[in-house]
Amino acid sequence: MNYNIVVAGSGFAGLWAAASAARAVALAHAEDRVNVTVVSPSACMVIRPRLYEAVLDNVAPDLKPLFAALGVRHLAGSVTEIDVAGHRLGISDADGTPTVLNYDKFILATGSCLFMPPVPGLAEHAFSVDQLADAQALDRHLKALAAQPASLARDTVVIVGGGFTGIETAAEMPDRLRSVFGKEAKLRVVIIEQAATVGPDLGAVPRPVIEAALAECGVEIITHTSVAAIDARGLVLSSGQRIDAETVVWTAGARANPLAARIPGDKDGFGRISADPFLHAEGVPDIFVTGDVARAATDTQGNLALMSCQHALSLGRVAGHNAAAELLGLPLHPYSQPKYVTCLDLGAWGALYTEGWDRQVRLTRDEAKALKRDITTKWIYPPAADREAVFAVANPDYVIVP
Ligand SMILES: Cc1cc2nc3c(=O)[nH]c(=O)nc-3n(C[C@H](O)[C@H](O)[C@H](O)COP(=O)(O)OP(=O)(O)OC[C@H]3O[C@@H](n4cnc5c(N)ncnc54)[C@H](O)[C@@H]3O)c2cc1C
């Protein structure tokens, strides 16, 4: 009897779920009995943590050679339907033709997308750095603005949301604008944050460092404020104040990919599916959830995985291993990732590296920046297409942390 493991998504969680499943299949010498298939729009991994950067080079590495080395099949398309009872997936292939794929084990690894509340003008006029096409559109827009004469609106960028992504995008922006508009341009970069402080989810410990770094980069912060409306020439704040700005970048949070809603069971406020310790979707046989779509406990202290690469890379390995292990009668591996770190890019100031859920500051400025560069240009990248080398790091307890 042949079995099919299907992974939806080829991001951080999806790639490592496929690699880990392929490893378990190889360990059981079951390559002729178990197929591992990844379904995603294209066989590449978008390095989303780099999408706020000014230069978008090599941010979507090709996974085809790696999939070939691992014996993983790639199907170009999108999962559109999940028939839980029938163990069938509806797929729209690369040409938009509908097809059906049966699964014995299904791993949902379709990630997250930007939260877009119904703010007037948001969908039409705001930019983002959420997906590759969004980041490319922002890049084209900034370069096109250089052809216009200097003005307050041209030279002002408003970043809506002062969380992790908003801070990184804002801190990078002054240098990025200077490289487009010239060193003499009178730039204004503003973060709008509805909470009382910038980086509300990053906690009190690193906040003074973040605030000082943003100030040194020349980024203004407006807190206790939300956005009432956006248009082509600026935005209106909840205070009634208008800011003229031809560039508004929306970074206000993420939500689980909408496919998560097709799986029965509890969802959290981000739309993530509750996962049991083995990353089964709770109460749903033969479906595993991983990466940004999974609400999973990282430890026994009440901490939950965040929508982050750091967690997706481990969640993927565990989900993939367990999907294969369940088919092959191997022991399942519980997900556990007690060590938590953050590395926040702070533009020309440098970066900030913290450890622990209370984010104790460990490295700052150039030292942290060098680490950030290593993480985002090496550590999280897909490995070379060497089957044995990949299997050596695809086991479910392998964790990448500094
Ligand atoms: C600007 C930015 C900065 C970030 N910075 C950091 C950081 O510094 N550190 C950190 O840890 N995290 C960071 N993150 C978060 C991190 O990128 C995500 O948590 C991570 O990408 C989640 O991995 P994933 O595999 O779950 O999803 P993704 O990487 O989003 O991959 C999802 C995959 O699913 C595919 N897909 C989507 N819909 C379908 C469908 N219907 N059918 C089939 N395939 C589908 C996509 O094409 C993609 O291949 C950042 C994110 C952004 C946007």
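**Some words on the overall build of the protein chain**
A count of helical and extended segments in the protein chain gives nine helices and 21 strands. Taken over the C-alpha trace, the protein chain has a radius of gyration of 22 Å; the compact-globule value for 402 residues is 21 Å, and the two agree within 12%. The dimensions of the protein chain, computed from C-alpha atoms along their principal axes, are 70 × 45 × 35 Å. Residue burial in the protein chain is summarised as follows: out of 402 residues, 51% are buried. Within the protein chain, contacts between residues at least 6 apart in sequence are counted, and of these 66% link residues at least 24 apart. Carbon and sulfur atoms make up 54% of the accessible area of the protein chain, which totals about 16,600 Å².

**Here we look at the domain arrangement of the protein chain**
Per the domain assignment, the segments making up the protein chain are domain 1 (3–114 + 254–339) and domain 2 (122–250). Taking only C-alpha atoms into account, the centre of domain 1 sits 33 Å from that of domain 2. Every contact between the two is made by 13 residues of domain 1 and, on the other side, 13 residues of domain 2. Counting the surface lost from both domain 1 and domain 2, the interface buries some 1,100 Å², and carbon and sulfur atoms represent 61% of this. The interface formed by domain 1 and domain 2 contains one salt bridge. Between D130 and R48 there is a salt bridge whose closest N-O contact spans 2.7 Å. Partitioning the side of domain 1 that touches domain 2 into residue classes produces 10 nonpolar, one polar and two charged.

**Regarding the pattern of salt bridges**
A full pass over the atoms with the stated rule returns 26 salt bridges. We note a salt bridge from R188 to E220, for which the minimum N-O separation is 2.8 Å. With R188 in strand 9 (residues 188–192) and E220 in strand 10 (residues 219–222), this pair connects stretches of sequence that are 32 residues apart. For R188, a relative accessible area of 26% corresponds to the partly exposed category. When the shortest N-O distance is used, the salt bridge between R272 and D268 registers 2.9 Å. Accessibility expressed as a relative area gives 5% for R272, which makes it buried. Among the residues examined, D268 registers a relative accessible area of 17% and is labelled buried.

**Some details on the site of the ligand**
Taken together, 29 residues lie near the ligand, and A13, R48, V79, D292 and C309 sit nearest. Between the ligand and S308 there is a distance of 3.0 Å, counted from an oxygen atom to a backbone nitrogen or oxygen. At the level of secondary structure, the elements contributing two or more residues to the shell around the ligand comprise helix 1 (12–27), strand 2 (34–40), strand 3 (73–83), helix 5 (164–181) and helix 7 (309–328). With three residues, helix 7 is the single largest residue contributor to the shell around the ligand. In terms of residue class, the shell around the ligand is built from 13 nonpolar, 12 polar and four charged. Three or more residues apiece are contributed to the shell around the ligand by two domains, here domain 1 (3–114 + 254–339) and domain 2 (122–250).

**Overview of the environment of H87**
Topologically, H87 is positioned in the loop between strand 3 and strand 4 (88–93). For the pair H87 and L101, spaced 14 residues apart in the sequence, the C-alpha separation amounts to 8.6 Å. Every residue in contact with H87, bar those within four places of it in the chain, is listed here: L101, N102, Y103, D104, P285 and D286. Of note is the side chain of H87, whose polar atom sits 2.7 Å from the side chain of D286.

**Observations regarding the sheet that holds strand 20 (residues 351–355)**
With antiparallel pairing, three strands are arranged side by side in an open sheet as 19-20-21. With one partner strand each, in any of the chains shown, strand 19 (341–345) and strand 21 (360–364) form the two edges of the open sheet. Pairwise comparison of adjacent strand axes, ignoring direction, gives a mean angle of 25° for this sheet. Alignment of strand 19 against strand 20, held across five bridges, turns out to be antiparallel. The residue of strand 20 that forms the bridge with T342 is T354.

**With respect to the sheet that holds strand 9**
Strand order across the open sheet formed by four strands is 10-9-8-14, with parallel pairing between neighbours. Of all strands in the sheet, those with a lone pairing partner are strand 10 and strand 14 (247–250), marking the two edges. Neighbour-to-neighbour, the strand axes of the sheet open up by a mean angle of 20°, direction not taken into account. In this structure, strand 8 (residues 156–160) lies alongside strand 9, joined through five bridges in parallel fashion. Across the sheet, residue T156 finds its bridge partner in strand 9, namely R188. Running over the sheet, helix 5 touches strand 8, strand 9, strand 10 and strand 14 and is turned about 175° from strand 9.

**Observations concerning the side chain of R359**
Turning to its location among the elements, R359 is positioned in the loop between strand 20 and strand 21. One buried charged residue, R359, forms no salt bridge at all, with the nearest opposite charge on D201 at 7.7 Å. Of the polar contacts made by the side chain of R359, one reaches the side chain of Y340; its length is 2.9 Å. Contact partners of R359, with chain neighbours within four places excluded, come to D201, L202, G203, V205, P206, L306, Y340, T342 and T354.

**Here we look at helix 5**
With 18 residues, helix 5 extends 26 Å from end C-alpha to end C-alpha; this agrees with the ideal 26 Å at 1.5 Å per step. The largest bend along helix 5 measures about 40° and falls at M173, with the proline P174 one to four residues further on. All of the buried residues in helix 5 are G166, I167, E168, T169, A170, A171, E172, M173, P174, R176, L177 and F181. Backbone geometry just downstream of helix 5 places G182 in the positive-phi region, at approximately 100°.

Conventions adopted
- Residues numbered from 1 in each chain as written.
- Predicted model: local features only at pLDDT ≥ 70, side-chain atom pairs only at ≥ 80, totals over all residues.
- Heavy atoms only, no water.
- Helix = DSSP H or I, 4+ residues; strand = E, 2+ residues; numbered from the N terminus.
- Rg over C-alpha atoms; globule rule 2.2 N^0.38 Å.
- Buried < 20%, exposed > 50% of the residue type's maximum accessible area, 1.4 Å probe, protein only.
- Contact = heavy atoms within 4.5 Å.
- Areas by Shrake-Rupley, 256 points an atom, 1.4 Å probe, with all protein chains shown as cover.
- Domains from an automatic or database assignment.
- Buried area = accessible area lost by both parts, 1.4 Å probe.
- Salt bridge = Lys/Arg side-chain N within 4 Å of Asp/Glu carboxyl O.
- Nonpolar A, V, L, I, M, F, W, Y, C, P; charged D, E, K, R; others polar.
- Near = heavy atom within 4 Å.
- Polar contact = N/O pair within 3.5 Å; in protein donor to acceptor, adjacent residues only side chain to side chain.
- Pairing = 2+ DSSP bridges.
- Axes fitted to C-alpha atoms, helices over the stretch in contact; angles between N-to-C directions.
- Lys, Arg positive; Asp, Glu negative; His and termini not counted.
- Expected span 1.5 Å × (residues − 1).
- Bend = angle between axes of the 7 residues up to and from the residue.

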